[in-house]
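Results of the structural survey
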Amino acid sequence: MRMWMGLLLTSLAASFLFAGCVSIEKSYPDKRYFVLDIALDASPQDPAESGTLHISAARVSPRYADKNFVYRRSDTRFESDFYNEFLISPGVLVAEELRQRLSQSGLFKFVVGSVNAIASTHTLETVVNTLYGDFRDLRAPKAVMEIEFFLNQEGSPSGIIFHKRYHKSIPLEGRNPEALVQGWNRALEEISDSLVSDLRASNLQLERRSTSAPPAFLLARILTSSEILAAEISAHL
């Protein structure tokens, strides 16, 4: 009798263990990936007759250089979100959106990224100083972004012919990653529009380099926006 009771208990224990094993579900959320995507002008300006602007990947402060989203919870406490992050480096995403916006500005004939090996007359250095979601007040969350620009002209004695810092704090419509990305998109859109306006209003002497040699763009095909993003994704994944 005792032997049969032992076998019965063993069988029941095995059944419960098997049932427990097959019913185990994933207890952690899926990772989600986001990109920056600003609204472009529906009526872009005609490009200038000459001049090539080179925009390399933006340098991002080490505090925010990782792909994981960063949240500010208090004046001294920050958190990194493992499950919500940028698809590729935020510096690459920022630079590509700026490239497209400046391409529409008409300030230069060509605006190229780091993938294009084309001789340039000007170089735009971009530094992202801050990039986080501000959740110190849960009733009024914000997307915070600060970008600093240095415009260099080839052959200029001073080198830097334009420098300015832009800071944006955009109220969010919700406390979730989608709302935060929308806030960053709006911040980057406002910053890029302000940059274009300031460059145009500053009456910079954007001298164009003359040359009798065939322009570099005739020797190397300019990559499209989708090709640039594909190349950057392959290099950073």
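Thresholds, definitions, all that
Residues numbered from 1 in each chain as written. Predicted model: local features only at pLDDT ≥ 70, side-chain atom pairs only at ≥ 80, totals over all residues. Heavy atoms only, no water. Helix = DSSP H or I, 4+ residues; strand = E, 2+ residues; numbered from the N terminus. Buried < 20%, exposed > 50% of the residue type's maximum accessible area, 1.4 Å probe, protein only. Contact = heavy atoms within 4.5 Å. Areas by Shrake-Rupley, 256 points an atom, 1.4 Å probe, with all protein chains shown as cover. Salt bridge = Lys/Arg side-chain N within 4 Å of Asp/Glu carboxyl O. Expected span 1.5 Å × (residues − 1). Polar contact = N/O pair within 3.5 Å; in protein donor to acceptor, adjacent residues only side chain to side chain. Core = buried A, V, L, I, M, F, W, Y, C linked by side-chain atoms within 4.5 Å. Axes fitted to C-alpha atoms, helices over the stretch in contact; angles between N-to-C directions. Parallel < 35°, antiparallel > 145°, perpendicular 65-115°, else oblique. Left-handed = near helix turned anticlockwise from the far one by under 90°. Phe/Tyr/Trp six-rings, centres within 6.5 Å; stacked < 30°, edge-to-face > 60°.

The number of helices and strands found in the chain is five helices and nine strands. Ordered by position from the N terminus, the helices and strands of the chain form the series α-β-β-β-β-β-α-β-β-β-β-α-α-α. Counting every position in the chain, which comprises 237 residues, the buried fraction comes to 41%. Counting only contacts in the chain whose residues sit at least 6 apart along the sequence, the fraction spanning at least 24 positions is 74%. Element-wise, carbon and sulfur atoms account for 55% of the exposed surface of the chain, whose accessible area totals about 13,700 Å².

This brings us to the pattern of salt bridges. The final tally for this structure, using the stated rule, is 14 salt bridges. Asp 193 is paired through a salt bridge with Arg 101; the nearest N and O atoms lie 2.7 Å apart. In this pair, Asp 193 sits in helix 3 (residues 177-201) while Arg 101 sits in helix 2 (residues 90-103), placing the two residues 92 residues apart along the sequence. The residue Asp 134 makes a salt bridge to Arg 136 at a minimum N-O spacing of 2.7 Å.

Once that is clear, we can look at the environment of Ala 179. Counting through the fold element by element, Ala 179 comes out in helix 3. Measuring from C-alpha to C-alpha, the distance between Ala 179 and Gly 133 comes to 9.9 Å, with 46 residues separating the pair along the chain. Apart from residues no more than four positions distant in its own chain, Ala 179 is found in contact with Leu 172, Glu 173 and Gly 174.

Time to look at helix 3. Over its 25 residues, helix 3 runs 36 Å from end to end, which matches the ideal 36 Å to within 8%, given 1.5 Å per residue. A side-chain oxygen of the first residue of helix 3 lies 3.3 Å from the backbone nitrogen of Glu 178; this N-cap is Asn 176.

In this section: the nonpolar core. Leu 102 and Trp 184 are the most contacted members of the largest nonpolar core, which totals 46 residues. Among the elements that take part in this core, helix 3 stands out by supplying nine residues, more than any other. Apart from the residues within four sequence positions on either side, Leu 102 is in contact with Leu 53, Ile 55, Val 111, Leu 124, Leu 195, Val 196 and Leu 199.

What follows deals with the environment of Asp 66. Relative to the helices and strands, Asp 66 is located in the loop between strand 3 (59-60) and strand 4 (68-72). The class of Asp 66 is partly exposed, set by a relative accessible area of 48%. Taking C-alpha positions, Asp 66 is 8.6 Å from Glu 85, a pair spaced 19 residues apart along the chain.

With that settled, the discussion passes to helix 2. For helix 2, with 14 residues, the first-to-last C-alpha span of 20 Å sits near the 20 Å given by 1.5 Å per residue. Taking burial as the measure, the 14 residues of helix 2 include 13 buried ones, the bulk of the element.

Take the packing of helix 2 against helix 3 next. Any two packed helices are characterised by how steeply their axes cross, that is the angle between the axes, and by the distance between the axes. Remark: helix 2 packs on helix 3, axes separated minimally by 10 Å, with the N-to-C direction vectors making an angle of 45 degrees. Taken together, the axes of helix 2 and helix 3 lie oblique to each other. Of the two possible hands of crossing, helix 2 and helix 3 adopt the one that is right-handed. Together, Val 94, Glu 97, Leu 98, Arg 101 and Leu 102 of helix 2 and Leu 188, Ser 192, Asp 193, Leu 195, Val 196 and Leu 199 of helix 3 make up the contact between the two elements.

A few words on the packing of aromatic side chains. This structure, assessed with the given rule, holds nine aromatic pairs. Taking 5.4 Å as the distance between ring centres and 90 degrees as the angle between the ring planes, the aromatic pair formed by Tyr 71 and Phe 135 counts as edge-to-face. With a gap of 64 residues between them, Tyr 71 in strand 4 and Phe 135 in the loop between strand 7 (122-134) and strand 8 (142-153) connect regions that are remote in the sequence. The class for Tyr 71 is buried, based on a relative accessible area of 9%. Arranged with centres 5.7 Å apart and planes meeting at 90 degrees, the rings of Phe 78 and Tyr 132 form a pair that is edge-to-face. Taken together, the residues span a long stretch of sequence, with Phe 78 in strand 5 (residues 78-86) and Tyr 132 in strand 7 at a distance of 54 residues. Linked through ring pairs, Phe 34, Phe 69, Phe 86 and Trp 184 together constitute an aromatic cluster.

Relative to the assigned elements, Asn 68 resides in strand 4. Given a relative accessible area of 14%, Asn 68 falls into the buried group.

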